[in-house]
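Structural characterization, general
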Protein chains: 2
Amino acid sequence: MQSYTHHHIVIMAGGIGSRFWPLSTPEYPKQFIDILGCGKSLIQLTVDRFRGLCPDENFWIVTNQAYIDIVKQQLPSVPESHILAEPAARNTAPCIAWACWAISQEDPDANIVVTPSDAIVMNPEEFRRVATNALAFTAQSSNIVTIGIRPSRPEIGYGYVAMLPEAVAGTEIHPVSQFKEKPSLDVARQYLSAGNYLWNAGIFVWNARTIISSFQQFKPQIARQIAEMVATGDTLTLFPACEKISIDYAVMEPASQKGMVFTHPADFGWSDLGNWASLYDKLEKDSHGNASVGPVRFFDCQDCIVHAEDAQQVVLQGLNNYIVSEKGGRFLICQRTEEQQIKQFSSNI
Amino acid sequence: MQSYTHHHIVIMAGGIGSRFWPLSTPEYPKQFIDILGCGKSLIQLTVDRFRGLCPDENFWIVTNQAYIDIVKQQLPSVPESHILAEPAARNTAPCIAWACWAISQEDPDANIVVTPSDAIVMNPEEFRRVATNALAFTAQSSNIVTIGIRPSRPEIGYGYVAMLPEAVAGTEIHPVSQFKEKPSLDVARQYLSAGNYLWNAGIFVWNARTIISSFQQFKPQIARQIAEMVATGDTLTLFPACEKISIDYAVMEPASQKGMVFTHPADFGWSDLGNWASLYDKLEKDSHGNASVGPVRFFDCQDCIVHAEDAQQVVLQGLNNYIVSEKGGRFLICQRTEEQQIKQFSSNI
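Keep in mind it's a predicted model, so treat the numbers as computed, not measured.

Here is what the cut-offs are and how they apply
Residues numbered from 1 in each chain as written. Chains lettered and ligands numbered in written order. Predicted model: local features only at pLDDT ≥ 70, side-chain atom pairs only at ≥ 80, totals over all residues. Heavy atoms only, no water. Helix = DSSP H or I, 4+ residues; strand = E, 2+ residues; numbered from the N terminus. Rg over C-alpha atoms; globule rule 2.2 N^0.38 Å. Buried < 20%, exposed > 50% of the residue type's maximum accessible area, 1.4 Å probe, protein only. Contact = heavy atoms within 4.5 Å. Areas by Shrake-Rupley, 256 points an atom, 1.4 Å probe, with all protein chains shown as cover. Lys, Arg positive; Asp, Glu negative; His and termini not counted. Charge placed at Lys NZ, Arg CZ, Asp CG, Glu CD. Axes fitted to C-alpha atoms, helices over the stretch in contact; angles between N-to-C directions. Parallel < 35°, antiparallel > 145°, perpendicular 65-115°, else oblique. Left-handed = near helix turned anticlockwise from the far one by under 90°. Nonpolar A, V, L, I, M, F, W, Y, C, P; charged D, E, K, R; others polar. pLDDT = per-residue confidence, 0-100. Buried area = accessible area lost by both parts, 1.4 Å probe. Salt bridge = Lys/Arg side-chain N within 4 Å of Asp/Glu carboxyl O. Polar contact = N/O pair within 3.5 Å; in protein donor to acceptor, adjacent residues only side chain to side chain. Pairing = 2+ DSSP bridges.

**Topic: the overall build of chain A**
When helices and strands are counted, chain A shows 12 helices and 17 strands. Taken over C-alpha atoms, the radius of gyration comes to 20 Å for chain A, in line with the 20 Å a tight globule of 349 residues would show. The dimensions of chain A, computed from C-alpha atoms along their principal axes, are 60 × 45 × 40 Å. Taken across its 349 residues, chain A has 56% of its residues classed as buried. Nonlocal contacts in chain A, meaning residues at least 24 apart in sequence, comprise 66% of its contacts between residues at least 6 apart. When the accessible surface of chain A is summed, it comes to about 14,000 Å², and 47% of that surface belongs to carbon and sulfur atoms. Charge-centre separation for chain A: the mean point of 26 positive side chains lies 3 Å from the mean point of 36 negative side chains.

Set out below in C-alpha cells:
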C-alpha cells in the first residue's frame, strides 16, 4: 500500500476536438461529451478507468482555463488545487512538465501516469493490470514506459513505437528502439506484419524524479520556466512563454535514444476516438449498418453514424454512408468519406 | 364605401400541415409558420393580402380550438369574437357554414370572401383587384365566385374548374361548367392545352344570403345544425355532430349544376404551398440550385431545400436533391423524391 499512495494520475484535457464539430466545439470539446451515449463523458470514463490505482485525491487535470468550470462540474472528486488551468495551449510538453513539477512539490516520491482524456478503453480491468505493471516498473527504475497498443489494422492515423523482442526479465515490458511518426498505408502494413510495432497511445508512466530530470536534460529551458512557475505561482506570465512542443519531441525521442524508454504491449480495446470512423467502429450497428446515439430513426439508410446530443428527434431517409452530428441546435450532415473536411466547415463559420 | 363596410374575410386555419413535418406539427402547423423566411407566417401574409378590402374588424378566423392562442398572438387586430374555435375538424363545409352564419347574424348584407390560410400570392395588388371584382359581382347577384388560377404547368396536385369561354358582360367573370378532381398527368396536360381549365384555389366569394340559402338547399341538415349552434352558442355539442364534408362536395358541385357558380380567372402568383416541391419553386436558389431558409451552409450540395426554424446552424455536405427540415430541435432529412413519405414518418413517431 506504500506505493499506492504515491501513484498520481495526470489527465490532459486541453484539446478542442474540432474534428467532431458541432458535437464537439471549442466551448465544450469532445472530452467533456458523452460521445458513446453511455451516460458518462470521455473524461469521466477516463477517471473511472484509473479508480483504485491511487487515492481519489491523487488525480490531476491539466486543461485550458476555459474548461475549468466544466471539469469541476464533471469531476467533483478531483481536488480543486489539482485542476491546472492553462492560460494558453502549449502542446503536451509544458502541460506535462507543469503537472509533474506540481506533483513533485507535494510528493517527491510520486510515481505518475499521464493520459489523454478523450481515448476509450473497452476492457478497463486489463487496462488497470497493465498500468499497475508499468507503475511497478517505474517505481524501481529511472526509465519511462509508454503503453503500446497491439495494432489490429494498418492504421495511418497513429504514431508507432518499435520494441525490441526481449522483455525485461520478469516483466511484460520491452525496450523501445524507436518512435515512428504516422506512417503511409504501405509502411503501416509493414509494421503490422513485422509484429514488433505498437500504436503510441500517448499514455506515459514515470516517476517524478525521472520526468523532471528528463526535462532538465532534454529541455532545460522548459524545466527552468516550469520550476519557477510552480515556485512563484505566476502561471499567467510564465506558462505562455514556454516553447510549444509535444512531449514526444521534447522528451520521448531524445530519451529513447539514450535507451531510457520502454513499452508495455497491451490489448485492452483502446481507441483514441480521434475521428468519426473510430467512433463508428465502437458503436453498435443496426442490421443496415447504422450507428446512432440519441433519438434517431432511420428509413432506407445504410452505414450512417448519427450523434444527436440535444435534438428532440432526428428522422433520416435515404442516406448512405453519412455522418449526422448535432449539439445545441448546430447540425452537420457530411459524407463519411469527407470527414477530413469537418475541421474546415467549423472554422469557416 | 357602403359596400366596403359589408365585406368580410373568412380565413380557414384548421389544417395540421403534416406534409411539412417537423417544420409543421399538429401543435404548431404550417399556416402559423414563417415558411418563406420573410418575417411573417402564412396566415399573417394572408391577412395582409386582404387589408384595405374591408375594415380590420371584418376578419374572421375559423380554426381548431388548439390554435386559438396562436391566432390571438399572431393576429392581434382580429376581434376575439371573430375567432371561431372548432372543437373537432369537420372539413370545410361546416367550418364555412359556421363563419357565414355568424357573419350574417352581425351583418345580413355581408359580402364574403372565404380563403385558406396557408396559400401564398406573389402579387397581392393583383390579388386585391381580382377579389374586388368578385365582391362587386356577388354584391349584385346570388351567385358564387370561385377564384380560378390560370395554370402554368400540368399540375396533378390541384382540382380544376372548367369555365365557359364567354365572360359575363362587363366583367372578367366566366360561368363554371364543371368542377374536376385532381387529374392524372395526361388529363392535366389536356386541361393545360385546352386553355379553359383553371386551378381551384379554394377561394370563394359570395354574399351571406347566397351561401346560407345554398346550404339550406344542398345540405339542409348542416344548415339546421349551424343555425341552431349560432343561435344557442352550443358549439361543443353541435359542431362535432355536423357531417364531415368539404365545401366542394357540399355546395360547389350541386350549385354548379344549377348554373350558380362562376370563376374569375386570375394570375397573381398563387401557390398552395402544399408540399416541399411548391415551396422549393417559390424560394430563391443559389447557383447550385439550393434553396434555404435559416442559418444554412452548403458544401458540394445540389438542388436541396432546407428550412431550419430554430437551429443555430446547419452545415450540409454532399447532399443532392434532399429536403432538410427543422423546428424545435426536431430534424428531418429526406430525399425530395420521397417527400410523400413524410406524413408517415411523423405519424410513426
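Moving on, there is more to tell.
**Focus on the packing of helix H4 (residues 92-106) of chain A against helix H7 (residues 208-218) of chain A**
Residue and element names in this part refer to chain A. The N-to-C vectors of H4 and H7 enclose an angle of 135°; their axes lie 10 Å apart at closest approach. The angle between the axes of H4 and H7 places the two elements in the oblique class. The element H4 and its partner H7 pack so that their crossing is left-handed. Judged by residue contacts, Ala 93, Ile 96, Ala 97, Cys 100, Trp 101 and Ser 104 of H4 engage Ala 208, Ile 211, Ile 212, Phe 215 and Gln 216 from H7. Considering only residue class, the contact of H4 with H7 consists of 9 nonpolar, 2 polar and no charged.

**A word on the confidence of the model for chain A**
Detailed reading of the predicted model is not advised wherever pLDDT is low. Averaged over all residues, the pLDDT of chain A is 94; the fraction at 70 or higher stands at 99%. Predicted as a complex, the structure gets a pTM of 0.81 and an ipTM equal to 0.80.

**Regarding the interface of chain A and chain B**
When the parts of a complex come together, some accessible area is lost, and that lost area is often used as the size of the interface. Between chain A and chain B, the residue contacts involve 28 residues of the former and 28 residues of the latter. Both faces combined, the contact of chain A with chain B buries some 2,400 Å², and carbon together with sulfur accounts for 56% of it. Where chain A meets chain B, there are 0 salt bridges. Taken together, the connections running from chain A to chain B amount to 16 residue pairs in polar contact (both at pLDDT 80 or more). Tallied by class, residues from the side of chain A that touches chain B come to 15 nonpolar, 9 polar and 4 charged.

**Things to note about the sheet that holds strand S16 (residues 322-327) of chain A**
Across the sheet, 6 strands lie side by side as S12(A)-S14(A)-S16(A)-S17(A)-S15(B)-S13(B); this open sheet has mixed pairing. Since the sheet does not close on itself, it has two edges, and those belong to strand S12 (291-293) of chain A together with strand S13 (296-299) of chain B, each with one partner. Averaged over all neighbouring strand pairs, the angle between strand axes comes to 5°, with direction disregarded. Bridge count for strand S14 (residues 305-308) of chain A against S16 of chain A is 4 bridges, and the pairing is parallel. By the bridge assignment, Val 306 of chain A is partnered in S16 of chain A with Val 324 of chain A.

**Quick word on the packing of H7 of chain A against helix H10 (residues 247-257) of chain A**
Residues and elements named next belong to chain A. Here H7 crosses H10 at 95°, and the two axes come no closer than 10 Å. As far as their axial angle goes, H10 and H7 are roughly perpendicular. In contact with Ile 211, Ser 214, Phe 215 and Phe 218 of H7, H10 contributes Ile 247, Ala 250, Val 251, Pro 254 and Ala 255. In the contact of H7 with H10, the residues fall into 8 nonpolar, 1 polar and no charged.

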